[in-house]
Amino acid sequence: MKFSYVNPTVIHFGQGQIVQITNSIPKDSKVLVIYGGGSIKKNGVYDQVTAALGDHEWLEFSGVEANPTKETLDKAIDIVKAENVTYLLAVGGGSVIDGTKYVAAASLHDGDSWDLITGVYKPETAIPLGVVLTLPATGSESNMGAVVTKKATQEKLGFLSPTVRPAFAVLDPDAMKTLPERQLINGLVDAWVHVCEQYITSPTGHMVQEGYAEVLLRNLIVLGDSFEQRDDAWRANLMWTANQALNGLIGTGMPQDWATHMIGHQLTALWHVDHARSLAIVQPSLLRSQMEFKQGKIEQMGRNVFGLSSSDDLAERTINAIEAFYAKLKVDTRLSEVEGDKSEAVEAVIKKLEDNGYLKLGENQAITIDVSRQILENAL
Ligand code: NZQ
Ligand code: ZN
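Parameters and conventions
- Residues numbered from 1 in each chain as written.
- Chains lettered and ligands numbered in written order.
- Predicted model: local features only at pLDDT ≥ 70, side-chain atom pairs only at ≥ 80, totals over all residues.
- Heavy atoms only, no water.
- UniProt positions renumbered as here; feature names shortened; annotations may be inferred.
- Helix = DSSP H or I, 4+ residues; strand = E, 2+ residues; numbered from the N terminus.
- Rg over C-alpha atoms; globule rule 2.2 N^0.38 Å.
- Areas by Shrake-Rupley, 256 points an atom, 1.4 Å probe, with all protein chains shown as cover.
- Lys, Arg positive; Asp, Glu negative; His and termini not counted.
- Charge placed at Lys NZ, Arg CZ, Asp CG, Glu CD.
- Near = heavy atom within 4 Å.
- Polar contact = N/O pair within 3.5 Å; in protein donor to acceptor, adjacent residues only side chain to side chain.
- Domains from an automatic or database assignment.
- Donors = N, O, S within 2.8 Å, 3.2 Å for Na, K, Ca; no water.
- Buried < 20%, exposed > 50% of the residue type's maximum accessible area, 1.4 Å probe, protein only.
- Patch = residues over 30% accessible without salt bridge, like charges linked within 9 Å, V, L, I, M, F, W, Y side chains within 5 Å.
- Salt bridge = Lys/Arg side-chain N within 4 Å of Asp/Glu carboxyl O.
- Axes fitted to C-alpha atoms, helices over the stretch in contact; angles between N-to-C directions.
- Parallel < 35°, antiparallel > 145°, perpendicular 65-115°, else oblique.
- Left-handed = near helix turned anticlockwise from the far one by under 90°.
- Contact = heavy atoms within 4.5 Å.
- Nonpolar A, V, L, I, M, F, W, Y, C, P; charged D, E, K, R; others polar.
- Phe/Tyr/Trp six-rings, centres within 6.5 Å; stacked < 30°, edge-to-face > 60°.
- Lys NZ or Arg CZ within 6 Å of the ring centre and 35° of its normal.

The name an unreviewed UniProt entry gives the chain is Iron-containing alcohol dehydrogenase, with Vibrio chaetopteri as the organism. What UniProt states about the chain under its Sequence similarities (unreviewed entry) heading is, verbatim, "Belongs to the iron-containing alcohol dehydrogenase family." Per UniProt, the comment on the chain under Cofactor (unreviewed entry) is "Fe cation".

A. Here's a closer look at the overall build of the chain. The secondary structure content of the chain amounts to 14 helices and ten strands. Against the 2.2 N^0.38 benchmark of 21 Å for 380 residues, the chain shows a C-alpha radius of gyration of 20 Å, consistent with a compact globule. Surface exposure of the chain reaches about 15500 Å², of which carbon and sulfur atoms provide 51%. Positive and negative side-chain charges of the chain, numbering 33 and 47 respectively, have mean locations separated by a distance of 1 Å.

B. A look at the site of ligand 1. Around ligand 1, the structure places 33 residues, and the nearest of them are Gly37, Gly94, Ser95, Asp98 and Lys156. One nitrogen or oxygen atom from the side chain of Thr178 is found 2.8 Å from a nitrogen atom belonging to ligand 1. Counting only elements with at least two residues in the shell around ligand 1, the list comes to helix H4 (94-106), strand S6 (145-150), helix H6 (181-199) and helix H9 (259-271). Of the residues that make up the shell around ligand 1, three or more belong to each of domain 1 (10-175) and domain 2 (181-378).

C. Region of the structure containing the coordination of the zinc ion (ligand 2). At the metal site, the zinc ion (ligand 2) is ligated by Asp190 (OD), His194 (NE2), His261 (NE2) and His275 (NE2), and these contacts range over 2.0 to 2.2 Å. Written as a sequence motif, the donor residues of the zinc ion (ligand 2) are D-x3-H-x66-H-x13-H. Taken together, the residues span a long stretch of sequence, with His194 in helix H6 and His275 in helix H10 (residues 275-289) at a distance of 81 residues. A single burial state applies to His194 and to His275, both of which are buried.

D. The UniProt feature "domain: Fe-containing alcohol dehydrogenase-like C-terminal" (unreviewed entry) in the chain, seen in detail. In the numbering used here, UniProt assigns the "domain: Fe-containing alcohol dehydrogenase-like C-terminal" (unreviewed entry) feature to residues 185-355. With 70% helix and 0% strand, residues 185-355 has end C-alpha atoms that lie 31 Å from one another.

E. Spatial organisation of a nonpolar patch on the surface. On the surface, Met1, Phe3 and Tyr5 cluster together into a nonpolar patch covering about 340 Å² of accessible area. Counting through the fold element by element, Phe3 comes out in the segment before strand S1 (10-13). On the accessibility criterion, Phe3 (43% relative accessible area) is partly exposed.

F. Inspection of the pattern of salt bridges at higher detail. Evaluated as defined, the whole model comprises 19 salt bridges. The salt bridge partner of Lys177 is Asp174, with a shortest N-O separation of 3.3 Å. Ionic pairing is found between Glu323 and Arg288, a salt bridge with its closest N-O pair at 2.9 Å. Pair noted here: Glu323 is in helix H12 (residues 314-328) and Arg288 is in helix H10, with a separation of 35 residues, a long-range link. By relative accessible area, Arg288 is classed as partly exposed at 31%. A single salt-bridge network, built from bridges that share partners, covers Lys30, Glu57 and Glu83.

G. Fine view of the packing of H6 against H12. At a minimum axis separation of 11 Å, H6 and H12 run at an interaxial angle of 160 degrees. Taken together, the axes of H6 and H12 lie roughly antiparallel to each other. In the crossing of H6 with H12, the sense of the turn from one axis to the other is left-handed. Contacts from Leu188, Val189, Trp192 and Val193 in H6 reach Ile322, Phe325 and Tyr326 in H12. The residue inventory of the contact of H6 with H12, partitioned by class, reads seven nonpolar, no polar and no charged.

H. Spotlight on the packing of aromatic side chains. Within this structure, the stated rule accounts for six aromatic pairs. Measuring from ring centre to ring centre gives 5.6 Å for Phe13 and Trp240, while their planes differ by 65 degrees; the resulting arrangement is edge-to-face. With a gap of 227 residues between them, Phe13 in strand S1 and Trp240 in helix H8 (residues 232-245) connect regions that are remote in the sequence. Taking relative accessible area as the criterion, Phe13 reaches 30% and is therefore assigned partly exposed. For the pair Phe325 and Tyr326, a centre-to-centre distance of 5.9 Å together with 45 degrees between the ring planes defines the contact as tilted. Each member of the pair Phe325 and Tyr326 is classed as buried. Within the aromatic cluster, the residues linked to one another by ring pairs are Trp192, Phe306, Phe325 and Tyr326. Cation over ring: Lys41 sits above Tyr46, and NZ or CZ is 4.6 Å from the ring centre. Positioned above the aromatic ring of Phe227 is the side chain of Arg230, whose terminal nitrogen or guanidinium carbon lies 4.2 Å from the ring centre.

Put into structure tokens, the structure is as follows:
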């Protein structure tokens, strides 16, 4: 175990905490508030944000779409440059937050914003940003990652930079009250797979990271089981669990997989499958294909998360339990967006993986293009 760990994002958690924005953003800032399609105007979040910014100079940019696009974000970058904006406030889910991170870094670059994704531009600084989270799922509110889509080429790609980690994030579970069931379930599943990507590799004996990951997974099972009885405590527990799932802690000093995400992103880029649902399609097949490397950890998960007893087929029973978890939430583990010839769909995804250079994925780089093809043939 060897790592350096820091997560400097200040979290303001709980009901009524949106007021914290007032003192979290320096008074002499010129703020650009960035949001999505308007859900924040229906749940009072927009009103609370504007009240908290009463003494600040601010302007707004709306219309960041789910799976945010370069094409839309470039318009926000133009505003930041033209208006000399000095602080960004993302109000929304992972898409708005990721989009704001992209704007934060690319606004200080003279060339094409996509250079950030290709690595041609390596940010050494970015415009500071804060977050008001309305959809717990991605952990983006306190991590340094972002995923952006280039519509023109149907590419969905990410970047990581400590310069875009939010300075603060408000997590008020009341903001979740207007979330459609589908988005809530997406949040649960995305958080679940985030833990799995950092946990289902090989046994490490790192008691804090493995033990904490197991707690988060058990939380998500309990929250899934009590989905119909949602109350304030339920919302708060999901919001905090999803944050902890991808704020960096459980992944420190651990082997990490992320192949489910890399393959899943292609399903979203090609067929607009919701992010979380793309993961549920890929993951069970991927786990079965990687049994050689992952068996020990899958068995550990079976015992410590699902409470299964030991047996020769424990790993398979654990994967079945994961599928049952998705089924109970009515999340498909098969791709239904594509009608007709599945083999054409498989080849379309494979081409995208090749184009993006994802030739060897997973913690052992064992998921070659041929293995990805097998995974997809069994998943789609
Ligand atoms: O645009 P608005 O009107 O806000 O509507 C959104 C959107 O339509 C709606 N919504 C959000 N909060 C709401 C609400 N509706 C009612 N009430 C509320 N309180 O929900 C819809 C989906 O929002 P979105 O932000 O797209 O969802 P999510 O948070 O799941 O984010 C998904 C994006 O994050 C990326 C994904 O790839 C995807 O692009 N990810 C980012 C990660 C990161 N930065 O670390 C990691 C993840 O693995 C993931 O890849
Ligand atoms: Zn995810």
